[in-house]
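Observations on the model geometry
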Amino acid sequence: MPTTTIVKSVPFHVPCIGKDEIRAVVETLESGWITTGPKTKCFEDAFARHIGVRHALAVNSCTAALHLSLEAIGLKAGDEVLVPTLTFTATAEVVTYFKANPVLVDVDPVHFNLSVEDAERKITSKTRAIIPVHFAGHPCPMDPILELAKSKGLTVIEDAAHAIPAKYKGRNIGTLSAMTAFSFYATKTLATGEGGMVTTDDDALADRVRVMRLHGMSRDAWKRYRADGNWRYEIIAAGYKCNLTDLQASLGLVQLARCGEMWRSRARIAQKYMQALTSMKAYDTLPVSPDVQHSWHLFVVLVDPTKLRIHRDQIIDELRERGIGTAVHFIPLHLHRYYQETWGYRAGEFPVAEEYFDRCISLPIYPGMTDEDVTQVVDALDEIATKFRR
Ligand SMILES: Cc1ncc(COP(=O)(O)O)c(C=O)c1O
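Residues numbered from 1 in each chain as written. Predicted model: local features only at pLDDT ≥ 70, side-chain atom pairs only at ≥ 80, totals over all residues. Heavy atoms only, no water.

Topic: the overall build of the chain
What counts is decided by this rule: Numbering of helices and strands runs from the N terminus; a helix is a DSSP stretch of H or I covering at least four residues, while a strand is a stretch of E covering at least two. For this measure, only C-alpha atoms enter the radius of gyration; the expected value for a globule follows 2.2 Å times N^0.38, where N is the number of residues. For this analysis, residues touch if any pair of their heavy atoms sits within 4.5 Å. The Shrake-Rupley method, run with a 1.4 Å probe, gives the accessible areas here. Residue values count only the displayed protein chains as cover.
Helix and strand counts for the chain stand at 13 helices and 13 strands. Whereas a compact globule of 390 residues would reach a radius of gyration of roughly 21 Å, the chain reaches 22 Å, a difference of no more than 12%. Here the contacts in the chain between residues at least 6 apart in sequence split such that 72% fall between residues at least 24 apart. For the chain, the computed accessible surface area is about 17,300 Å², with 54% contributed by carbon and sulfur atoms.

Description of the sheet that holds strand 7 (residues 171-172)
Let me state the cut-off plainly: In this scheme, strands are said to pair when DSSP sees at least two bridges between them.
Strand order across the open sheet formed by three strands is 7-6-11, with antiparallel pairing between neighbours. The open sheet has two free edges, formed respectively by strand 7 and strand 11 (292-293), since each of these has just one partner strand. As paired strands, strand 6 (residues 167-168) and strand 7 are joined by two bridges and run antiparallel to one another. Opposite Tyr-168, over in strand 7, you have Arg-171 as the bridge partner.

Focus on the site of the ligand
Test applied: A molecule or strand has a residue near it when one of that residue's heavy atoms lies within 4 Å. Any N or O atom pair separated by 3.5 Å or less is treated as a polar contact, with the protein-specific requirement of one donor-capable and one acceptor-capable atom, and with residues adjacent in sequence counted only for side-chain atom pairs. Each residue gets one label: Ala, Val, Leu, Ile, Met, Phe, Trp, Tyr, Cys and Pro are nonpolar, Asp, Glu, Lys and Arg are charged, and the others, such as Gly, are polar.
Looking at the ligand, there are 16 residues lining it, with Thr-63, Asp-159, His-162, Ser-183 and Lys-188 nearest. In the environment of the ligand, an oxygen atom lies 2.8 Å from a nitrogen or oxygen atom belonging to the side chain of His-162. Protein chains bury 91% of the 390 Å² of accessible surface belonging to the ligand in isolation. Residue assignment for the shell around the ligand shows that the elements contributing at least two residues are helix 3 (62-72) and helix 4 (90-96). Residue composition of the shell around the ligand, by class: seven nonpolar, seven polar and two charged.

Focus: the layout of surface pockets
Applicable threshold: Points on a 1 Å grid, built from protein atoms alone, make a cavity when a 1.4 Å probe fits but cannot get out and make a pocket when they are open with protein on both sides within 12 Å along at least 5 of 7 lines; residues with an atom within 4 Å of a point are the lining residues. Grid points are joined across faces, edges and corners, and a volume is the space filled by probe spheres set on the points.
Roughly 480 Å³ of volume is contained in the largest pocket. What lines the largest pocket is a set of 29 residues, and nearest its centre among them are Phe-88, His-162, Ser-183, Tyr-185 and Lys-188. Every element with two or more residues in the lining of the largest pocket is listed here: helix 3 and helix 4. Per-element tally for the lining of the largest pocket: the top contributor is helix 4, with three residues.

With respect to the packing of aromatic side chains
What counts, and what does not: The criterion for an aromatic pair is that two Phe, Tyr or Trp rings (for Trp, the six-membered ring) have centres within 6.5 Å, with stacked assigned to planes under 30 degrees apart, edge-to-face to planes over 60 apart and tilted to the rest. Partly exposed describes any residue whose relative accessible area lies between the buried limit of under 20% and the exposed limit of over 50%, with all areas from a 1.4 Å probe on protein chains only and scaled to the type maximum.
On inspection of all chains with the given rule, the structure shows 12 aromatic pairs. A centroid spacing of 5.2 Å and a plane angle of 75° characterise the contact between Phe-47 and Phe-182, whose relative ring orientation is edge-to-face. Linking Phe-47 in helix 2 (residues 38-51) with Phe-182 in strand 8 (residues 179-183), this pair joins segments that are 135 residues apart in sequence. The class for Phe-182 is buried, based on a relative accessible area of 1%.

Some points on the sheet that holds strand 10 (residues 283-285)
Quick note on the threshold: With axes taken as lines fitted to C-alpha atoms, and helix axes fitted only over the stretch in contact, angles between N-to-C directions fall between 0 and 180 degrees.
With antiparallel pairing, three strands are arranged side by side in an open sheet as 10-12-13. With partners counted over all chains shown, the strands left at the sheet margins are strand 10 and strand 13 (360-363), one partner each. Here the strands of the sheet are splayed against their neighbours by 35° on average, with no regard to which way each runs. Two elements, strand 12 (residues 299-303) and strand 13, share four bridges in a ladder whose sense is antiparallel.

Regarding the pairing of strand 12
With five of five residues buried, strand 12 is to be regarded as a mostly interior element. Here strand 12 shows a buried face lined by Phe-299, Val-301 and Val-303 and a second buried face lined by Val-300 and Leu-302. One ladder, built from three bridges, connects strand 10 with strand 12; its direction is antiparallel. Paired with Tyr-283 across the strands is Val-303, a residue of strand 12.

Describing the pairing of strand 4 (residues 127-130)
We apply this condition: With its strands directed away from the observer, a crossover is right-handed exactly when the path from the first strand over the helix to the second travels clockwise.
In terms of strand pairing, strand 2 (residues 80-84) meets strand 4 through three bridges, oriented parallel. From the neighbouring strand, Leu-82 faces strand 4, where its bridge partner is Ile-130. Across two bridges, strand 4 lies against strand 5 (residues 155-160) in parallel orientation. In the sheet register, Ile-130 faces strand 5, and the bridge partner there is Val-156. Running through helix 6 (residues 142-152), the crossover from strand 4 to the neighbouring parallel element strand 5 is right-handed.

Structure representation (structure tokens):
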């Protein structure tokens, strides 16, 4: 009888949900309050304390967090906002909600974060804001970005979808600029399925987000169904519907308490990958600046075309055949049809992002990975390197 080898698979991502998260959600279900309420308030307070910021405002996604931040600063039609081309479409798409223009910027060739030099070149009299993205969880060079913004009168709104917990020069991401947007999407380092948070130290910006995330209702309108609440509320603007639910917030509270422990697991996996890949000499890893703490949301390798005779796409296929799930972060925005047809971008315009995109693979990295899982990924990469070495 022919024998078949069963290859154990290592998925690209498995959310880190334990008994405490399940208990917390059940508790909320049993509490009789399942939408925005006391758990959301508690999550916001805990998040603000954790980050060390005056206000944390829970919303239903990072996309909403970015959208509401741009609304709060009063972005207008025709304004321009600088966004790195190497990001998820949400970062730029929110700019278009205002009939404003997303202006794409190339990335630096070391950490693949927003290039400050290219950003400076793209500033015009219409530029209002910069949205740096802490790509993969490696913080952007915030000092030069903030200096540039200050000198040109621009607002900085950080896209920290990948960056909890991450630090720049010892300071938590979420405390550095006017507003910061976090994501709690299923694959993120703190997951509530869907969810997001805006952090800010500015009372007026916080108030505007608080009102606009729930239909433009006056403050604390969510309390109107509580026994001790007031039925009266006032609509003060045409707002949106982006509130986080208590079901998600109860998950978030447990995840926040485990954030450090989950980070240590991911950092350990990253260390193992770094060691193994350095000796393999076929894939480059991205260096970590000495003045940052990387969140290790993603672990990216760059295929070295001078060492291997197959392309990144085939390596992904080879890994899949060996049971390893991977992803590509990201297809640069200017290579997508929408950005080309609507904003006139063309291939060849952002050479650093394009070369990166041609070579990058994101490997599995999540707290539930066992040592055997990491070894399986490393062995598969080694086998592929040996088979296809030039
Ligand atoms: C860099 C970046 N920004 C924003 C987002 C949007 O996050 P959300 O799904 O929470 O809206 C993502 C999601 O993957 C992302 O990677």
